[in-house]
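Residues per chain are reported as follows:
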Amino acid sequence: MQKVEFLTTAFSDLTEQQIVQGRQFFDCGELSLNHYLQNVMRGHDSKGITKSFILLDEIQSHFVGYYSLTHCSFNLGQVSLDVLKNLKLKNAKFDVPALRLSRLAIDLKYQSKGYGRLLIAEIYQRALLSKANAGCVFIVVDALSESARAFYLSYGFESSPENPMLLYMSV
């Protein structure tokens, strides 16, 4: 597999000045995602709970957006029969490795400009690396709202038959 260049910077690689400035101006319109950036991200990142990646506007020193990832187990009972058939598994009810997209946020100033699409593509590349190095069958995300669900569906995610707000994409 060839080396992949990413557009984002790992949170742990940011300078303190970048973090302070980026946090100061970031507002994605969703309080829980803003709160995570302001109050939780640093602790989760340093403890290895999730790893976060920041897309920077280098000119204005603003955070365009971010996403946070962690590994998880995903039960195949939550996928459609078509997906099971594509995996050549019949009625499988066991867990497989997955990459959980814990959070994805784009600042209001940058929304509807294609940055979400760029971050989804980058997340997919990270999932491919995970698949090559440790195993990864799906990217999994819990949508916070119907509009978030529609966003993920537009990029190829599928809803779990049992929980339409739980979405997954094969890797």
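Residues numbered from 1 in each chain as written. Predicted model: local features only at pLDDT ≥ 70, side-chain atom pairs only at ≥ 80, totals over all residues. Heavy atoms only, no water.

1. Some points on unusual backbone geometry
Point 1. In this structure, Ser-112 takes a positive phi of about 65° despite not being glycine.
Point 2. As for its position among the elements, Ser-112 is in the loop between strand S4 (95–106) and helix H4 (115–133). (Helix = DSSP H or I, 4+ residues; strand = E, 2+ residues; numbered from the N terminus.)

2. Considering H4
Point 1. The end-to-end C-alpha distance of H4 is 27 Å, a good match for the 27 Å that 19 residues give at a rise of 1.5 Å each.
Point 2. Buried residues of H4: Gly-116, Leu-119, Ile-120, Glu-122, Ile-123, Arg-126, Ala-127 and Ser-130, and no others. Along H4, the residues classed as buried sweep out an arc of 165° about the axis, all on the same side.
Point 3. Gly-135 lies just past H4 and shows a positive phi near 100°. (Expected span 1.5 Å × (residues − 1). Buried < 20%, exposed > 50% of the residue type's maximum accessible area, 1.4 Å probe, protein only. Arc of directions from axis to C-beta.)

3. Topic: the pairing of strand S5 (residues 138–142)
Point 1. Most of S5 sits out of view: four of its five residues are buried.
Point 2. In the sheet, S4 pairs with S5 via three bridges, with the strands oriented parallel. If you follow Leu-99 over to S5, its bridge partner there is Ile-139.
Point 3. Traced from S4 through H4 to S5, the parallel crossover comes out right-handed.
Point 4. Relative to strand S7 (residues 166–170), S5 is paired through five bridges, and the arrangement is antiparallel. By the bridge assignment for S7, Val-141 is matched with Leu-167. (Pairing = 2+ DSSP bridges. Right-handed = clockwise from strand over helix to strand, strands pointing away.)

4. Let's talk about the pairing of S7
Point 1. With four of five residues buried, S7 is to be regarded as a mostly interior element.
Point 2. Here strand S6 (residues 158–159) hands over to S7 after six residues, the two strands then running antiparallel side by side.

5. Some points on the sheet that holds S5
Point 1. Spatially, seven strands are ordered S1-S2-S3-S4-S5-S7-S6 in an open sheet, and the strand pairing comes out mixed. Two strands in the sheet have a free side with no partner beyond their single neighbour: strand S1 (9–10) and S6.
Point 2. As judged from the two bridges shared by S6 and S7, these two strands associate in the antiparallel manner. Paired with Ser-159 across the two strands is Leu-167, which belongs to S7.
Point 3. Those strands touched by helix H1 (residues 16–25) are strand S2 (51–57) and strand S3 (62–75), and its axis lies near 95° from that of S3. (Contact = heavy atoms within 4.5 Å. Axes fitted to C-alpha atoms, helices over the stretch in contact; angles between N-to-C directions.)

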